[in-house]
Amino acid sequence: MENTITTQRLSLECLKKKQMNLSIKRLDLIHPYIQGNKWFKLKYHLEEAQKQGKKTILTLGGAYSNHLYATAAAGQMYGFQVIMIVRGEPTLPLNPVLQFAKEANCEIIYWDREKYRRFREENSLLDKEVYGDFYFIPEGGADALGVKGCADILTETDEYDYVLGACGTGTMLAGLAISAKPNAKILGFSALKKGVFLQEEVEKLIEKYDDLEQKEKPQNKYSFQIITEYDFGGYAKKTAELESFITDFYAKTRVPLEPIYTGKMLFGVLDLIEKDFFPEKSRLLAIHSGGIKPMYAR
Ligand SMILES: *Cc1c(COP(=O)(O)O)cnc(C)c1O
């Protein structure tokens, strides 16, 4: 899937005016269902589950989670039974993510918010007696193997001074930070409210990755910066301005964005360009991290 990733150079008036070079790496195009950074976060988990001879994958997430969607599809493609724990109460009709999961024969279990929160804090509610012998993938694939997968997003042939990506758990950003060329700057646009904490999250994820790979800690910490000004009020919150930006961006570039992650990121990138944040003639590489489910496609 990865061999076919395209990088699209954007031509927009505002870029010409500021003499900026902005390209977008289209992870959204790698597969209709297992797309975006979710594929990168899953791939080493799938490999590990196979290695361990597991037949079942257990994972969890919110009811609209791109991670659940991708895991449902990957389970089917790679022959795993998928058990997914969904945060919240069941509601009918099923939303498109859960409908897709059901059609992919996933077993769906609902945990109320209280139980889900307790699990996050204690990590202790997954009983093998109850759920069988499973391979566990954390929410959003946010662990060392997820980081390792995201380190495969950038390749030798990419050219950039800045790499730009949306941040939820920060796993993708950690992968970008450890794999980018020296001197490149990595900017993560928080999709969450008060995203300042992501700086530390990404550092922790990088440490976990270093432990997994038994790497010596580098002398200089990887340099990346979390941008918090474009959260539009918080996770999955949106405004009319953001929606019209997305529509307009699609009309001009034919690149579909969604309002949760990539729309906010690109809005932020273009706004920073307008505000002369980047030095002249910078080469900017934005990562299209996906999230374009067939149901969103225009
Ligand atoms: C999950 C997701 C992200 C966030 O990735 P993290 O590694 O959790 O920071 C960004 N963009 C899209 C489209 C996603 O689905």
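Remember, it's a predicted structure, so these values are computed and weren't measured experimentally.

Procedures and definitions
In this numbering scheme, every chain counts its residues from 1 along its sequence in written order. Owing to the predicted nature of the model, reporting of local features is limited to residues with pLDDT of at least 70; listing and counting of side-chain atom pairs is limited to 80 or more, with chain, interface and lining totals taken over all residues. To get the side-chain values, take all heavy atoms of the structure and skip hydrogens and water. To define a nonpolar core, start from buried Ala, Val, Leu, Ile, Met, Phe, Trp, Tyr and Cys residues and group those joined through side-chain atoms within 4.5 Å. Accessible area is worked out with a 1.4 Å probe on protein chains only. A residue is then buried under 20% of its type maximum, exposed over 50%, and partly exposed in between. Each domain span listed reflects an automatic or database assignment of domains. Note on contacts: a residue pair is in contact if any heavy atoms of the two residues lie within 4.5 Å. Any two rings among Phe, Tyr and Trp, with Trp reduced to its six-membered ring, count as a pair given centres within 6.5 Å; such a pair is stacked if its planes are under 30 degrees apart, edge-to-face if over 60, and tilted if neither. Helix numbers and strand numbers start at the N terminus; a helix is a DSSP run of H or I with at least 4 residues, a strand a run of E with at least 2. Two limits define a charge over a ring: the Lys NZ or Arg CZ must be within 6 Å of the ring centre, and within 35 degrees of the ring normal. Any pair of nitrogen or oxygen atoms within 3.5 Å is treated as a polar contact; in protein, a donor-acceptor pairing is required on top of that, and neighbouring residues in sequence qualify only through side-chain atoms on both sides.

Student: Outline the nonpolar core, supporting the account with residue identities and numerical values.
Tutor: The biggest cluster of nonpolar side chains holds 57 residues, and the ones touching the most others in it are Phe40, Ile153, Leu154, Leu173, Leu176, Phe224 and Ile287. Of the domains in this structure, domain 1 (7–31 + 151–296) and domain 2 (37–141) are the two that each give at least three residues to this core. Apart from the residues within four sequence positions on either side, Ile287 is in contact with Lys25, Leu27, Ile153, Leu154, Val163, Leu164, Met172, Leu176 and Met265. Judged by nonpolar contacts, the second largest core, of 32 residues, contains Leu12, Met20, Tyr162 and Ile273.

Student: Tell me about the packing of aromatic side chains, and please be specific about residues and values.
Tutor: By the definition in use, this model includes 14 aromatic pairs. Residues Tyr33 and Phe100 carry aromatic rings whose centres are separated by 5.1 Å and whose planes lie at 45° to one another, so their mutual orientation is tilted. Note that Tyr33 is positioned in the loop between β2 (21–26) and α2 (37–51) and Phe100 in helix α4 (residues 96–103), a separation of 67 residues in sequence. We classify Phe100 as buried; its relative accessible area is 16%. Each ring, one from Phe189 and one from Tyr230, has its centre 6.1 Å from the other, and the planes form 45°; the classification is tilted. Here the residue Phe189 occupies a position in strand β8 (residues 185–190), and Tyr230 occupies one in the loop between β9 (224–227) and α10 (240–253), the gap between them amounting to 41 residues. According to the relative accessible area criterion, Tyr230 is buried, its value standing at 9%. Ring pairing ties together the aromatic residues Phe189, Tyr230, Phe232, Phe245, Phe249 and Phe267, which thus form one cluster. Positioned over the ring face of Tyr261 is Lys38, at 5.8 Å from the centre of the ring. Sitting over the face of the ring of Tyr44, Lys148 holds its NZ or CZ atom 4.8 Å from the ring centroid.

Student: Report on the side chain of His67, specifying residues and quantitative values.
Tutor: Within the fold, His67 resides in helix α3 (residues 66–78). Residue His67 is classed as buried on the basis of its relative accessible area, which comes to 3%. His67 has contacts with Lys38, Leu42, Thr59, Leu60, Ile137, Pro138, Glu139, Gly140 and Gly141, leaving out every residue within four places of it along the chain.

Student: For the side chain of Thr171, give the residues involved together with the corresponding values.
Tutor: Tracing the chain through its elements places Thr171 in helix α8 (residues 171–179). Within polar-contact distance, the side chain of Thr171 engages the side chain of Thr169 at 2.6 Å. Excluding residues within four positions of it along the chain, Thr171 makes contact with Lys41, Gly141, Ala142, Asp143, Gly146, Val147, Cys150 and Leu205.

Honestly, that's just the spatial picture; any functional story needs more than this.
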